[in-house]
Amino acid sequence: MMLSVAGIEFSYNSHQVVKDIGFQLDKGEVLGVLGVNGAGKSTLLKCLNKVLNPQKGSVFLNHEEILNMKGTEIAKRMAYMPQKYYEESLTVFDAVLLGRKPHISWSATDKDFQIVEEILTSMNLESFALRPVNSLSGGEMQKVLIARALAQEPKVLLLDEPTSNLDVRNQFEVMAMIRRIVKERELSAVVSIHDLNLAFHFADIFLMMKHHRVYRFIQKKDATPEMIREVYNIDVSIAEIEGHQVVVPLYRE
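Residues numbered from 1 in each chain as written. Predicted model: local features only at pLDDT ≥ 70, side-chain atom pairs only at ≥ 80, totals over all residues. Heavy atoms only, no water.

Visitor: Would you explain the overall build of the protein in this entry?
Guide: A tally of helices and strands in the protein yields 8 helices and 12 strands. By the compact-globule yardstick of 18 Å for 253 residues, the protein fits well, its C-alpha radius of gyration being 18 Å. The buried share of the protein, reckoned over its 253 residues, is 48%. A separation threshold of at least 6 residues defines the contact pool for the protein, and within that pool the share at least 24 residues apart is 64%. (Helix = DSSP H or I, 4+ residues; strand = E, 2+ residues; numbered from the N terminus. Rg over C-alpha atoms; globule rule 2.2 N^0.38 Å. Buried < 20%, exposed > 50% of the residue type's maximum accessible area, 1.4 Å probe, protein only. Contact = heavy atoms within 4.5 Å.)

Visitor: Sorry if this is basic, but what is going on with the side chain of Lys41 here?
Guide: Position of Lys41 among the secondary structure elements: in helix H1 (residues 41-48). Here Lys41 occupies a buried position and makes no salt bridge, while the nearest side chain of opposite charge, Glu161, is found at 5.2 Å. Lys41 has contacts with Val33, Leu34, Gly35, Val36, Ser192, His194 and Met209, leaving out every residue within four places of it along the chain. (Lys, Arg positive; Asp, Glu negative; His and termini not counted. Salt bridge = Lys/Arg side-chain N within 4 Å of Asp/Glu carboxyl O.)

Visitor: Would you mind showing me how to read the packing of aromatic side chains here?
Guide: Describing an aromatic ring pair means giving the distance of the ring centres and the angle of the ring planes. Throughout the structure, instances matching the rule amount to 5 aromatic pairs. Ring centres of Phe172 and Phe202 lie 5.6 Å apart, and the angle between their planes is 65 degrees; on these two criteria the pair is classed as edge-to-face. Linking Phe172 in helix H6 (residues 168-185) with Phe202 in helix H7 (residues 196-202), this pair joins segments that are 30 residues apart in sequence. The buried category is assigned to Phe202, whose relative accessible area is 6%. Relative to Phe206, the ring of Phe200 lies with its centre 5.0 Å away and its plane at 80 degrees, an arrangement referred to as edge-to-face. Classification of Phe200 by relative accessible area gives buried; the value is 3%. For Phe206, a relative accessible area of 0% corresponds to the buried category. The positively charged end of Lys210 is found above the aromatic ring belonging to Tyr215, 5.9 Å away from the centroid. (Phe/Tyr/Trp six-rings, centres within 6.5 Å; stacked < 30°, edge-to-face > 60°. Lys NZ or Arg CZ within 6 Å of the ring centre and 35° of its normal.)

Visitor: Hey, could you run me through the sheet that holds strand E10 (residues 213-219) in this one?
Guide: Each strand in a sheet pairs with another by means of backbone hydrogen bonds, the pair being arranged parallel or else antiparallel. Read from one edge of the open sheet, 6 strands run E6-E7-E8-E3-E9-E10, paired in mixed fashion. In this open sheet, the two edge strands, each paired with only one partner strand, are strand E6 (78-81) and E10. If you compare each strand with its neighbour and ignore which way they point, the axes differ by 15 degrees on average. As defined by bridge partners, strand E3 (residues 30-34) adjoins strand E8 (residues 188-192) across 4 bridges and the pair is classed as parallel. (Pairing = 2+ DSSP bridges. Axes fitted to C-alpha atoms, helices over the stretch in contact; angles between N-to-C directions.)

Visitor: I'm lost on the packing of helix H5 (residues 138-151) against H6 in this one. Help?
Guide: In a pair of packed helices, the angle between the axes and the distance between the axes together describe the arrangement. Close contact between H5 and H6 brings their axes to 9 Å; oriented N to C, the two are set at 15 degrees. Classified by the angle between their axes, H5 and H6 sit roughly parallel to one another. Read as a crossing pair, H5 and H6 show a hand that is right-handed. Contacts between H5 and H6 pair Gly139, Gln142, Lys143, Ile146 and Leu150 from the former with Asn170, Glu173, Val174, Met177, Ile178, Ile181 and Arg185 from the latter. (Parallel < 35°, antiparallel > 145°, perpendicular 65-115°, else oblique. Left-handed = near helix turned anticlockwise from the far one by under 90°.)

Visitor: Would you mind going over the sheet that holds strand E4 (residues 56-61) with me for this structure?
Guide: The strand order across the open sheet built from 4 strands is E2-E1-E4-E5, with neighbouring strands paired in antiparallel fashion. The sheet is open, and its two edges are formed by strand E2 (15-25) and strand E5 (64-65), each paired on a single side. Where strand E1 (residues 3-12) and E4 come together, 5 bridges link them in antiparallel fashion. From the neighbouring strand, Leu3 faces E4, where its bridge partner is Leu61.

Visitor: Whenever I open this one, the environment of Met209 confuses me. Can you help?
Guide: One can find Met209 in strand E9 (residues 205-210). The buried category is assigned to Met209, whose relative accessible area is 0%. Between the alpha carbons of Met209 and Val33 there is a distance of 7.4 Å; along the sequence they are 176 residues apart. The residues touching Met209, leaving out its near neighbours within four places in the chain, are Ile21, Val33, Leu34, Gly35, Ala39, Gly40, Lys41, Leu44, Tyr215 and Val231.

Visitor: In this structure, what is going on with the pairing of E2? I would like to understand it.
Guide: If a strand is regular, its side chains alternate between the two faces of the sheet. Examined bridge by bridge, E1 and E2 share 7 bridges and lie antiparallel to one another. Residue pairing for E2: Ser11 is matched across the bridge by Gln16. In sequence, E1 turns back onto E2 through a hairpin of 2 residues, with Asn13 there showing a positive phi of about 55 degrees.

Visitor: When you look at the side chain of Asp204 in this model, what are you seeing that I'm missing?
Guide: Structurally, Asp204 is set in the loop between H7 and E9. At 2.8 Å, the side chain of Asp204 and the backbone nitrogen of Val30 are in polar contact. Excluding its chain neighbours within four sequence positions, the residues that come into contact with Asp204 are Gly28, Glu29, Val30, Arg179, Lys183, Gln219 and Lys220. (Polar contact = N/O pair within 3.5 Å; in protein donor to acceptor, adjacent residues only side chain to side chain.)

Have a look at this one:
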């Protein structure tokens, strides 16, 4: 088992946001974290790499306790991509090179530059290398942020709504890229995601959250309309179209 999480709890002052969260994830797997707004999805991701310090719980990666490590050591093992980002005047190359920061002592080496070049090439971003980040479209920016995360050479990707504010084509391109990278590099990915159809298309496992707790931790194939109704308070049907499961809302006024 690659990533093992147990008993994670976090509170803002007296308001508990994450309660007794636990799951296991192996290499090559994409975990979709599902739930309504305010369920604790983003907070959970931040607790896994100590962006927020959980009050209780443990996070083991290949038998190493992540929560006992310093930030730099965590960043060599886990890469976090936040839901929101700020525009930068850096070039794409320099923005991705920032992902090497946990590995750099004094200044970037030839190895660091080579890793960035290889990542840009593998993600078909080499033509963007000298473009300013703040000139990119939303989909292009998301791909650059994923490239920056990969530059950390992590074992785990923590991605908070990586398709937010993207059009349909870019949503699928970004999620397909994440899934391909996870499989090819034998990483694990924990992805907070709102779109159930994207989750059914690209995730392997679901962590369904309700009232800040784990409602279900299941293989995608075991998800049922009843479970979705319990989490989202809406009736749905799950159909299969061309080999893919599709969630159809049955909203009634």
